[in-house]
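Inside the fold
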Amino acid sequence: MFIRFILSNRPPPNHNLLFDDNMMQKTPLILDIKGNSLDDGPGIRTVVFFKGCPLSCVWCHNPESKKAGAEISFDKTECVGCDTCIQSCPENALDRKNPFFIDRAQCTLCGVCVENCPSGALSMVGKTMRIEDIVAMAAKDKPFYKNSNGGVTLSGGEPTLFMDFLSDLLKHLKDEGIHTLVETCGLFEFQQFEKKILPYIDTIYYDIKIHDPDAHKQFCGVKNDLILKNFIKLNAISAENGLELLARTPLIPNITATDKNLNQIAGFLKTLKIRQARLLAYNPLWHEKNEKIGTQNSFQNNKDMTTWIPKEKLETYRSIFTEKGIHTG
Amino acid sequence: MFFFQPTTARIKFSPTNILLNTLLRVFAANFNFRPGLKKYLKSDQGWIDFTIGFRTDSGSVKAAVLFKNGKVSVSKIIPEKVDTMLTFHSDGAVLKLLGATPTEQIFMVLKGQLSPKGNQSYLNLFFFFLSLLLNSKQKKLMEKERKISKKELLKESPTAKTELSDDLIKRFGVRMKADTIDKNVKYLKDPFLSDYGLDNFPRVKKYLDIHFEVKPEVCPELPKLVTDWHKANGYETDKNGKPWNPLLRKAHAYKYLMENRKPLIRGNDLIAGTTTTKDIGVVVYPEGHGTMIWGELLTVPHRTLNPYDVSEETLNILHHEIFPFWSKRNFKEWVREEYDSPLCQQIDERFAIYFIWKSVTISHTIPDFPKLLSMGTSGIISEINDQMKSFAKNSNEKNTLEAMILCLEGLTAYSKNLAKTAASAAASENNPQRKAELEKLAKTCDQVVEKPARTLDEAVNAMWISWVGLHMESTNAGLSLGRLDQWLQPYFLADMEKLNSGPEQAKYIKHAVELIGCFYMRCTDHLPLTPDIANWVFGGSSSDQAITLGGVTPEGDDGVCDMTYIFLKVTEMLSIRDPNVNARFNPDKNSDTYLKRLCEVNLITSATPSMHNDNEVMASLEEFNYEIEDLRNWSATGCVEPTLSGKHIGHTNFQMMNMVAALEMALNNGKHPLLNWKLGPNTGEIGTGKINNDNIADKPFKTFDDFFNAFITQFKFIIDQSIEYNEMLAQAHQVIRPTPLLSSVIGDCISKGKDVTIGGAKYNSSGAALIGLADITDSLLVIKKLVYDDKKVSFADLKKAVDENFENDPALHAMVTKKVPLFGSGSDEAVAMADRIAKFAHDYYGSKKHYRGGKYTVGFWSMSNHVAYGTLTGALPSGRLSGKAFTPGLTPEPNASKNLLDNIRDVARLDTKNINNNIAFNVKVIPTPEDTREKTVNDMFSYVKTYFDLGGMQMQMNVVTSETLKDAMAHPENYRNLLVRISGYNAYFVTLNKDMQLELIERAEYGM
Ligand code: SF4
Ligand code: SF4
């Protein structure tokens, strides 16, 4: 009975979801909007995740946020094996013999299977959203922001990839009186940023991952000169007008979490007279995310990359910063 | 007496019939010929005569055991009159019963394998006789069960994760300081009293150890004295054969009890008096549910949950002297005789649909302590004497007032006896400090309760002594203490004013903390009598003596004061389940500092206090037009329910109603599936299109509203039945247990000359606890959306899947659980549905006539019945599987949303006008270990404060991870005081039954 009613309800292909993978597109896909976040800035926050990132860090925790275009995701733990999707796919792209279940070369991202899947095991990653709708979603949490000094965090992916959209969104949020925070990798065109983004943000969380330009290129796909330059400029502005700027370094075993790199970053921050930074503990629980969207990563079997960093080690990393007068609490 | 209608049709008897008859004959022979057993057939009033019948639904088995004049005989023919008839669902069930442990016996009843009808005391007596023969086997079985379950748990979690248990202990070591001082806090420099921890109070700490280590023991003192008095002075009639006025009878018996009970002072205590003669005593109220324990007297010390010791002496007293006297003289049996086993009572005794608390007690109110403290019993007696003049001789009013005086005299006599105990203990005491304390106690008990209290010590002692007194009058379930911070603050201030130096004041504050600590520990000196069934239905609950803190004064001023913080300090340090601490937060008057402190205490204790939005609770009571000063003086009662302190008999937990039963009955045309009992009206069969009732036009359930109406029809039916039973039991209380002492401290009873049981109080009502709101809402949403709106599945297919527990249709199960926006997901439709159900319940209960005047009220909290009722309920359209717990109170389903804020918003959005008996909204939050205390408290504060800003009524947080709970399940020895909030009350996790433990573990968990 199940198949019957589902097939009769097949929706027309959703062309909105068909995006080319152009990084500079005007309207981003939104990966997720997560309410009640307590770890992405002060207070209770709503985090808007943009899809698409100009870097390609090998350890990326959110592999689904790399590509700017839509993707289809399959979570085998949710699947009840009803095969409705297989029978409804117009492209015959679904096959249990395929280790990823979906043949992404065949799939046109038409969304029929997603619509028909009763369990939510199949889902479309990334959707277009109107600014008003995002703002409305965030605004309903305003009472929570008020009591916790929270607000909205724009994260990604990389939100500055979509300067105009981001600017518009920030403006609307500020009109609602909402505290705004942008998390960025720092790879953006400064003038644009200064003009379109800066007036509407209260806080910037700025990732400084690797100091050495070659290593940065090796692990993140691009050189970091622009990133560091932008940071220096923002820091000057921050010193002048009180803009909150926080440098953050993710601790990735053997890549960013090396004595050399951390010493370099701490030294860099010290020269800028920065007293406060943050180290982000490595979270090893991200590997299955790759599988869902049909990608692989080379660290699946690397022991350091699949376990938490021990507490003592964390302390050593912290002390590198503390010695230079930088708090990382 | 239960009348059995013998059938004349010829029925073939089964082999089981022969076997049963043989076994019963063996049973009879044992009792007839073994003197060691035969002696149990006799009470001090003579042989105990009664008859039990046995039959199966099909008639394949028939037998009766007759106890008469010291002889036990077995008959193949069931006599026309039997006291208790046991009807079995199958032949197998017959034999199972005879070898069952008490717990198994209960589950046979719960699961419909056995339905007993008739006198329950005799049924329990029969079970007692069985256990005389079988108890060593029963004990072995229980031991074996325990071993197996322990082994299973250890297999899953062989080594204890001590870092988890240590983390809970470490919470006590971190203490925040207050950053502001509330305006009515006069003396505390740091209201959070962060300098103090339990180690500063060795006296109290010792009591805490006793609380956890001493096994409770059944105490026969109360029933023995009361029964003795009645044997000497008559029950139905007095010595001269004249019918007793129930009030006077009760009052004389009470006075005798209070004059003759042992006046005990626990070693080293600052407070005199005990509820029983045991360290931790279990009180038996023979006119209430006392005889329910009869069948378990031999096994109760060995049961897994909540074991009590029963000494041989106690057993003999209860069996020979007490229970036989009360076999028919209790609430349930009074109704059974008077109304001839009404249907409403039969439903109650099957447990799956509703439970009426009046079968145990009324209780659930707040006495007027301020009056008692400021006037003393002597002052109240003179008020009564004055009032007496306005009533005619021999009038009901006059008798009532006389009864009050007798009770107050009894209470006074007890405190005078305590004074003597203290004085003589002082005389023989060598330790000078203790000697001084005892001398002071002697003076205190001489002053109070007779005369007004003048100091905090006197006030606290007066309160405790009268608390004992009230518990001697009626069952200890949900009688609550009220606004102790408000009421004790004047005494605290008076004492402090006398002290000049800072160090003296600081010392006194420490004394006040210790005194309240002793008071809390006094409150743990007794437990309610719980037959094993109660461990399944009300697991882990003590008597739920609620204390209420904060809020506003009757005049509307900020009520948070020094004593508020002193009580919070004690709550934090002791972290015990009872007293059940409830905090009122008035958003207009109370400070954020106070709310943060509530959150901190909640974090440290992991479960208490429960927090109420003062404005919303008061708004929910608007319809009653209570006087504003009285309204502002509300206190939580039992679990969470509002009572206007000292003036209101709100019997706020008159029933635990399984609303989901109505849904199941609507899905099955009036039949309850598990009970296999067609008891409700015909509302139509799903899917067949057949109509069984002329009143239903056309096909049933053409629209969603048609089905909704079927649900409402079934719901009305069970509401009507439950209220009918409540009103019958209410009459039983008027005849069997009026409460003149309580009446003397409840507003207006004296001026009206009326006992509280017949409506003497200024305000009257009875409050229901309606269980399963989220489960019903979600189920109805699924039906509406998938069957009617989107037409994705036919009602018949959905019903079939429900009947089959979704086993054959995983895709449909996935769809109902994943594709319908549930209550708690932020869906407007879901909130509207919940409101629709709540509004119906509120309006319908509110429309029913209430015997004492006032109204029936409704609340959405569940004690632990969401687990018990869940066990007795099949799968639901919401996708909840058969036997699974419902959600606690009105908490949304765990998978309603990943975002806690959606839950918070939806619950806050509910229309509180429909909820005049409060709610229980459970939230499980877990702190990030690296976070500072301030950060965690601020996060909790943000949730609660915003929830209140949005119009939320009540919230309670469990601050413990599922991982910790799992560890505690396997390694209970590391978690003796792990406190959890069930729904409205607190319990120690390790004392809960397994289903309840799992329910807590499966609750949604939100990181902070
Ligand atoms: S989204 Fe891809 S896999 Fe799914 S139905 Fe369309 S083509 Fe097939
Ligand atoms: S992915 Fe969805 S539709 Fe496909 S088999 Fe699994 S549950 Fe069924």
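The notes below deal with the structure included here. The numbers attached to residues start from 1 for each chain and follow its sequence in the written order. Throughout, the order in which chains and ligands are written sets their labels, letters from A for the former and numbers from 1 for the latter. Only residues with pLDDT of at least 70 are given local features in this predicted model, and only at 80 or more are side-chain atom pairs given and counted; all residues enter the totals for whole chains, interfaces and linings. Computation of side-chain values covers all heavy atoms of the structure but excludes hydrogens and water.

Attention shifts here to the layout of surface pockets. Residues and elements named next belong to chain B. Site definitions follow a grid-based scheme: protein atoms alone, a 1 Å grid, a 1.4 Å probe that fits but cannot get out for cavities, and for pockets an open set with protein on both sides within 12 Å along at least five of seven lines, plus lining residues having an atom within 4 Å of a point. Grid points are joined across faces, edges and corners, and a volume is the space filled by probe spheres set on the points. When its volume is computed, the second largest pocket comes out at roughly 1400 Å³. In terms of lining residues, the second largest pocket is bounded by 45 residues, among which Thr304, Leu305, Asn306, Val990 and Thr991 are the most central. Note on conventions: DSSP H or I runs of at least 4 residues are helices, E runs of at least 2 residues are strands, and numbering of each starts at the N terminus. Sorting the residues of the lining of the second largest pocket by element identifies helix H4 (102-110), helix H5 (120-156), helix H7 (202-213), helix H19 (532-537), helix H35 (962-970) and helix H36 (994-1002) as the ones contributing at least two each. In the lining of the second largest pocket, the residues fall into 19 nonpolar, 12 polar and 14 charged. Each residue gets one of three labels, nonpolar for Ala, Val, Leu, Ile, Met, Phe, Trp, Tyr, Cys and Pro, charged for Asp, Glu, Lys and Arg, and polar for the others, Gly among them.

Attention shifts here to the packing of aromatic side chains. Residue and element names in this part refer to chain B. Only Phe, Tyr and Trp rings are paired, with Trp represented by its six-membered ring, and only when their centres lie within 6.5 Å; those with planes under 30 degrees apart are stacked, over 60 edge-to-face, the remainder tilted. Inspection of the entire model under this criterion finds 55 aromatic pairs over all chains. Each ring, one from Tyr196 and one from Phe201, has its centre 5.7 Å from the other, and the planes form 50°; the classification is tilted. In this structure an aromatic cluster arises from ring pairing among Phe27, Phe31, Tyr40, Phe50, Phe54, Phe67, Phe88, Tyr122, Phe126, Phe127, Phe128 and Phe129. Geometry around Tyr207 places Arg266 over its ring, the cationic atom sitting 4.2 Å from the centre. Over the face of the ring belonging to Tyr308 we find Arg303, whose NZ or CZ atom lies 4.9 Å from the ring centre. Definition used: whenever NZ (Lys) or CZ (Arg) falls within 6 Å of the ring centre and also within 35 degrees of the ring normal, the charge is taken to sit over that ring.

Once that is clear, we can look at the sheet that holds strand E15 (residues 580-585) of chain B. Residue and element names in this part refer to chain B. We call two strands paired when DSSP finds no fewer than two bridges between them. Read from one edge of the open sheet, 6 strands run E14-E15-E16-E26-E25-E29, paired in mixed fashion. The open sheet has two edge strands with one neighbour each: strand E14 (546-550) and strand E29 (1006-1007). Relative to strand E26 (residues 954-958), strand E25 (residues 922-926) runs parallel, the two being bridged by 3 bridges. The residue bridging Lys924 from the neighbouring strand is Asn958, located in E26. In this description, contact between two residues means that some pair of their heavy atoms is separated by no more than 4.5 Å. Angles run from 0 to 180 degrees between N-to-C directions of axes, and those axes are lines fitted to C-alpha atoms, restricted for helices to the stretch in contact. The sheet contacts of helix H21 (residues 592-605) involve E14, E15, strand E16 (610-613) and E26, and relative to E15 the element is tilted by about 155°.

What follows covers the interface of chain B and chain A. Interface size is often expressed as the accessible area that is lost when the parts come together. With 28 residues of chain B at the interface, the matching set in chain A holds 24 residues. Buried area is calculated as the accessible area (1.4 Å probe) missing from two parts once they are joined, with the contributions of both summed. For the pair chain B and chain A, the summed buried area comes to about 2100 Å², and 58% of that belongs to carbon and sulfur atoms. Among the residues of chain B in contact with chain A, Lys792, Leu901 and Arg905 of chain B are the three that bury the most area, contributing 22% of the side total. Any Lys or Arg side-chain nitrogen found within 4 Å of a carboxyl oxygen on Asp or Glu counts as a salt bridge. Applying the counting rule to chain B against chain A returns 3 salt bridges. Between Asp141 of chain A and Arg905 of chain B there is a salt bridge whose closest N-O contact spans 2.2 Å. Distance and chemistry together define a polar contact, namely a pair of N or O atoms within 3.5 Å, with one atom able to donate a hydrogen and the other to accept it when in protein, and with adjacent residues in sequence counting only for side-chain atoms on both sides. One can count 10 residue pairs in polar contact (both at pLDDT 80 or more) joining chain B with chain A. Secondary structure elements with two or more residues in the side of chain B that touches chain A: helix H30 (810-818), helix H33 (900-909) and helix H34 (933-949) of chain B. Looking at the side of chain B that touches chain A residue by residue, the class counts come to 13 nonpolar, 4 polar and 11 charged.

This part covers the pattern of salt bridges. Residues and elements named next belong to chain B. Tallying each qualifying case throughout the model produces 73 salt bridges over all chains. A salt bridge links Lys371 to Glu383, with the nearest nitrogen and oxygen atoms 3.0 Å apart. Residue Lys371 is classed as buried on the basis of its relative accessible area, which comes to 18%. Taken together, the shared-partner salt bridges connect Lys569, Glu572, Arg597, Glu600 and Arg933 into one network. Only protein chains enter the accessibility calculation, which uses a 1.4 Å probe; a residue whose area is less than 20% of its type maximum is buried, one above 50% is exposed, and one in between is partly exposed.

This part is about the packing of helix H25 (residues 704-736) of chain B against helix H28 (residues 773-789) of chain B. When two helices pack together, their arrangement is captured by the angle between the axes and the distance separating the axes. Residues and elements named next belong to chain B. Contact geometry of H25 with H28 gives a least axis separation of 10 Å together with a crossing angle of 155°. When the axis of H25 is compared with that of H28, the two are roughly antiparallel. The element H25 and its partner H28 pack so that their crossing is right-handed. Side by side, H25 and H28 meet where Phe704, Phe707, Phe708 and Phe711 of the first sit next to Ile776, Leu780, Ile783, Lys784 and Tyr788 of the second. For the contact of H25 with H28, the per-class residue count stands at 8 nonpolar, no polar and 1 charged. In what follows, roughly perpendicular refers to angles from 65 to 115 degrees, roughly parallel to angles under 35, roughly antiparallel to angles over 145, and oblique to any angle outside these ranges. In a left-handed crossing the near helix is turned counterclockwise from the far helix by less than a right angle, and in a right-handed crossing that turn is clockwise.

Glancing now at helix H1 (residues 15-33) of chain B. Residue and element names in this part refer to chain B. Any helix carries an expected span of 1.5 Å times its number of residues minus one. For H1, with 19 residues, the first-to-last C-alpha span of 27 Å sits near the 27 Å given by 1.5 Å per residue. Listing the buried residues of H1 in full gives Thr16, Asn17, Leu20, Asn21, Leu24, Phe27, Ala28, Asn30, Phe31 and Asn32. Where H1 is buried, its residues contact helix H2 (35-38), strand E4 (50-56), strand E5 (62-68), strand E6 (71-75), helix H3 (91-98) and H5.

Residue and element names in this part refer to chain B. Pairing is mixed in the open sheet, where 5 strands are placed in the order E6-E5-E4-E8-E9. Pairing within the sheet leaves two strands with one partner each, and these edge strands are E6 and strand E9 (114-118). Across this sheet, the average inter-strand angle for adjacent strands is 15°, counted without regard to direction. With 5 bridges joining them, E4 and strand E8 (residues 84-88) adopt parallel strand pairing. What sits directly across from Gly53, in E8, is Met85. Contacting E4, E8 and E9, H3 runs over the sheet at an angle of about 125° to E8.

What follows concerns helix H17 (residues 484-497) of chain B. Residue and element names in this part refer to chain B. Helix length check: H17, at 14 residues, gives a terminal C-alpha distance of 20 Å against a target of 20 Å (1.5 Å per residue), a fit within 8%. Bend is computed residue by residue as the angle between axes fitted to the seven residues ending at the residue and the seven residues starting at it. At Pro490, H17 shows its maximal kink, close to 30°. Of all the residues in H17, the buried ones are Leu484, Asp485, Gln486, Trp487, Leu488, Gln489, Tyr491, Phe492, Asp495 and Met496. Taken together, the buried residues of H17 touch helix H13 (369-388), helix H16 (456-473), helix H18 (502-523), E14 and helix H20 (562-574).

On to unusual backbone geometry. All names here are of chain B. Cis geometry marks the peptide bond from Val448 to Val449, where omega comes out at 10°. Inspection of the secondary structure puts Val449 in the loop between helix H15 (432-447) and H16. Of the consecutive residues Asp578 and Pro579, the connecting peptide bond is found in the cis state with omega at 5°. Inspection of the secondary structure puts Pro579 in the loop between H20 and E15. For Asn306, which is not glycine, the phi torsion reads 55° and is therefore positive. Along the polypeptide, Asn306 turns up in the loop between strand E11 (281-283) and helix H10 (312-326). Within the chain, Lys791 stands out as a residue other than glycine whose phi angle is a positive 50°. For Lys791, the location among the structural elements is in the loop between H28 and helix H29 (795-803). Taking the relative accessible area as the measure of exposure, Lys791 reaches 61% and is therefore exposed.

Let's shift gears to the site of ligand 2. Whether a residue is near a molecule or strand is decided by its heavy atoms; if any one of them lies within 4 Å of it, the residue is near. Of all residues adjacent to ligand 2, which total 14 residues, the nearest are Cys79, Cys82, Asp83, Cys85 and Cys117 of chain A. Split by residue class, the shell around ligand 2 holds 9 nonpolar, 3 polar and 2 charged.

Further remarks concern the pairing of E26 of chain B. Residues and elements named next belong to chain B. The element E26 is extensively covered by neighbouring structure, given that 5 of its 5 residues are classed as buried. The two faces of E26 match: Gln954, Gln956 and Asn958 on one face and Met955 and Met957 on the other face are all buried. The pairing of E16 with E26 spans 2 bridges and is antiparallel. Its bridge partner being in E26, His612 is matched across the sheet by Gln954. Seen with the strands pointing away from the viewer, any crossover whose path from the first strand over the helix to the second strand runs clockwise is right-handed. A crossover links E25 with its parallel partner E26, the connecting element being H34, and its sense is right-handed.

The next point concerns the nonpolar core. Side-chain atoms within 4.5 Å link the members of a nonpolar core, which is a set of buried Ala, Val, Leu, Ile, Met, Phe, Trp, Tyr and Cys residues. Membership of the largest hydrophobic core comes to 349 residues, with the highest contact counts inside it found for Phe126, Phe129, Leu488, Phe707, Phe711, Phe715 and Tyr845 of chain B. Beyond its immediate stretch of four places on either side in the chain, Phe129 of chain B contacts Phe27, Phe31, Tyr40, Leu41, Phe50, Phe67 and His319 of chain B. Counting residues in each nonpolar core, the second largest holds 70 residues, with Phe165, Leu198, Ala266 and Ile309 of chain A among its members.

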